[in-house]
Amino acid sequence: MSRCTVCSLKDDHPGVVLDDQQVCNLCNFDFAEDLLVNYRYTSEVFAEFQQAPPADGEFDCLFMYSGGKDSTYMLDKFVNEYGKRVLAYTFDVPFESVHAAQNISLAQEKIPATFLLDADDDNIKLMMREVFNRPAPKPGRYLDEKLPCVSCRTFFVLRAILNAYERKIPYIALCADPQQILTMESNVREIVRGFYETFGERLTGTLFGERLEDLLFEDDEDLPKIVFPFIAMRHDYDPDHIVAELQAKGLYESSPLETHCTLFPLLNYYSFKNWDCMFYKLNASSHVRSVRRNGDQARNTFSIKFPRALDLAPVEDQLGEVVMAIAAGEGSREEHEKTLIDVFQRMDATEDAARFVAQSFLDMRSVADDLGIRLS
Ligand SMILES: [Zn+2]
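Please read these numbers as outputs of a predicted model, since none were measured by experiment.

(A) Region of the structure containing the overall build of the protein chain. Scanning the protein chain from terminus to terminus reveals 15 helices and five strands. Relative to the globule expectation of 21 Å for 376 residues, the C-alpha radius of gyration of the protein chain, 21 Å, shows essentially globular dimensions. Taking the principal axes of its C-alpha atoms as reference, the protein chain extends roughly 60 × 50 × 45 Å. By residue count, 49% of the 376 residues in the protein chain fall in the buried class. When contacts within the protein chain are restricted to residue pairs at least 6 apart in sequence, long-range pairs at least 24 apart make up 76% of them.

(B) Expanded view of the layout of surface pockets. By volume, the second largest pocket is sized at about 420 Å³. For the lining of the second largest pocket, the secondary structure elements donating two or more residues are α1 (32-51), α7 (188-208) and β5 (225-227). Class assignment of the residues belonging to the lining of the second largest pocket gives a composition of nine nonpolar, two polar and eight charged.

(C) Focus on the nonpolar core. Ranked by internal contacts, the top residues of the largest apolar core, which has 111 residues, are F63 and L319. Per element, the largest residue contribution to this core is eleven residues, and it comes from helix α5 (residues 147-166). Looking at this core, you find at least three residues from each of domain 1 (32-248) and domain 2 (264-371). Those residues in contact with L319 that sit more than four places away from it in its chain are N268, F272, M278, L340, V343, F344, M347 and F361. In terms of nonpolar packing, the next biggest core, distinct from the first, is built from eleven residues, L9, V16, C24 and C27 among them.

(D) Focus on the domain arrangement of the protein chain. Domain annotation for the protein chain reports domain 1 (32-248) and domain 2 (264-371). Computed from C-alpha atoms alone, the centre-to-centre distance between domain 1 and domain 2 is 27 Å. Taken together, the contact between domain 1 and domain 2 spans 26 residues of the former and 18 residues of the latter. Roughly 2000 Å² of surface becomes buried between domain 1 and domain 2 when both sides are summed, with 62% attributable to carbon and sulfur atoms. Counting the surface domain 1 buries against domain 2, the share from its top three residues, F132, E145 and Q179, is 33%. Inspection of the domain 1/domain 2 interface yields zero salt bridges. In this assembly, domain 1 and domain 2 are joined by three residue pairs in polar contact (both at pLDDT 80 or more). For the side of domain 1 that touches domain 2, the secondary structure elements donating two or more residues are α4 (121-133), α5, α6 (178-181) and α9 (239-248). At four residues, α4 tops the list of elements feeding residues into the side of domain 1 that touches domain 2.

(E) Representation of the coordination of the zinc ion within the structure. Protein coordination at the zinc ion comes from C4 (SG), C7 (SG), C24 (SG) and C27 (SG), with a distance range of 2.3 Å. Mapped onto the polypeptide sequence, the residues donating to the zinc ion form the spacing pattern C-x2-C-x16-C-x2-C. Of this pair, C4 sits in the segment before α1 while C24 sits in the segment before α1; the two residues are 20 residues apart in sequence, bridging distant segments of the chain. The burial state of C4 is the same as that of C24; both residues are buried.

(F) Quick peek at helix α15 (residues 364-371). Within α15, the full set of buried residues consists of M364, A368 and L371. Around the axis of α15, the buried residues are gathered within 65° of arc, so they sit on the same side. The outward face of α15, more than 90 degrees from its buried face, is lined by the exposed residues D369 and D370. As for α15, its buried residues are in contact with α4, α10 (264-275), α12 (312-328) and α14 (351-362). Positioned one or two residues after α15, G372 has a phi angle of 80°, which is positive.

(G) Structural detail: the environment of A309. For A309, the location among the structural elements is in the loop between α11 (281-294) and α12. The exposure class assigned to A309 is exposed, which follows from its relative accessible area of 73%. Separated by 62 residues in the primary sequence, A309 and L371 place their C-alpha atoms 37 Å from one another.

(H) Geometry of the side chain of S8. Of note, S8 is situated in the segment before α1. Residue S8 is classed as buried on the basis of its relative accessible area of 11%. Setting aside anything within four residues of it in sequence, one finds S8 in contact with R3, K281, S285, L312 and A313.

(I) Summary view of unusual backbone geometry. Here the residue pair K138 and P139 is connected by a cis peptide bond, since its omega of -5° sits within 30 degrees of zero. Looking at the secondary structure, you find P139 in the loop between α4 and α5. Non-glycine residue S8 carries a positive phi angle of around 75°. For K168, which is not glycine, the phi dihedral falls at a positive 55°. Here K168 lies in the loop between α5 and β4 (171-173). Look at K168 and you get exposed, because its relative accessible area is 69%.

Procedures and definitions
Residues numbered from 1 in each chain as written. Predicted model: local features only at pLDDT ≥ 70, side-chain atom pairs only at ≥ 80, totals over all residues. Heavy atoms only, no water. Helix = DSSP H or I, 4+ residues; strand = E, 2+ residues; numbered from the N terminus. Rg over C-alpha atoms; globule rule 2.2 N^0.38 Å. Buried < 20%, exposed > 50% of the residue type's maximum accessible area, 1.4 Å probe, protein only. Contact = heavy atoms within 4.5 Å. 1 Å grid on protein atoms, 1.4 Å probe; cavity = no way out; pocket = protein on both sides within 12 Å on 5 of 7 lines; lining within 4 Å. Points joined across faces, edges and corners; volume = space filled by probe spheres on them. Nonpolar A, V, L, I, M, F, W, Y, C, P; charged D, E, K, R; others polar. Core = buried A, V, L, I, M, F, W, Y, C linked by side-chain atoms within 4.5 Å. Domains from an automatic or database assignment. Buried area = accessible area lost by both parts, 1.4 Å probe. Salt bridge = Lys/Arg side-chain N within 4 Å of Asp/Glu carboxyl O. Polar contact = N/O pair within 3.5 Å; in protein donor to acceptor, adjacent residues only side chain to side chain. Donors = N, O, S within 2.8 Å, 3.2 Å for Na, K, Ca; no water. Arc of directions from axis to C-beta.

Here it is, written out as structure tokens:
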């Protein structure tokens, strides 16, 4: 196994190839062209949406509202500044530590939109069990180490798509941050096709009934279009500014332990087990790459923060060892806790935060048990 000399990605990372100088295709910008095409398309669709006259039906767009800072900020803009008629759609993800329903009440008081809360615990858990328990697809493709996370998001995006389609809402707004936008499929038919490809007809039928199949054969103009509002802010996206503006409007109560995914330790288990890397490897590598490139210039890495000087390889190796030991039920809890706190602090977590995250890793086996996920 060898690592990219710039960003530390391994040569067996899905979608990654090293050249004879030991530099990976991401550092060599092989992806640049694909990414630009995606940027152009999403920018055009967003411009079209902004100029669109009011839709024929009750709503101009279905807005995917998570209750987090990004989507609260944008929902306020859509309704109170742009004057859009919005169906604010929230999917209650059962893996989130704080459920969405508790977060949206502030927004409901101050933003005149129609709010819709959706949930489907049984099916999303069934899908997750399948993702974790079956063998990972080999050879892998770009982002395959994040398959459980990507699948969860795709699941509720599909439910939102079905909702918009059935109510004849022409646009769906999705508040991915600028870095996420680059790696997300924005064409509705392709999202549906991709899900069928990943999960097959039978499981997809179990999860969504036959309604989804109609979308594969629907005319383009009758399919909703996905817009990424943050595409317009890609050069000056600033999470701290967003939080400050929301707090000034009384739309946000920040908490150091913000809503987070209770599957995070298992996501790491999945990526270490199948691809020998930590879950946030691409993000961390991208950070290391940009620090190397930009020298002293500070750079915004969007929603995840890493320390300027991150010694990625040893941090990743240590995290991998402890995650696999916990999964196998080996070693002592005290030792694991010490190691985890040390690793997270080296990734710039405060001691409290490191302690909190370490705890969730120590409880990984019981979370897996509850969901029916087999750890090997
Ligand atoms: Zn690289």
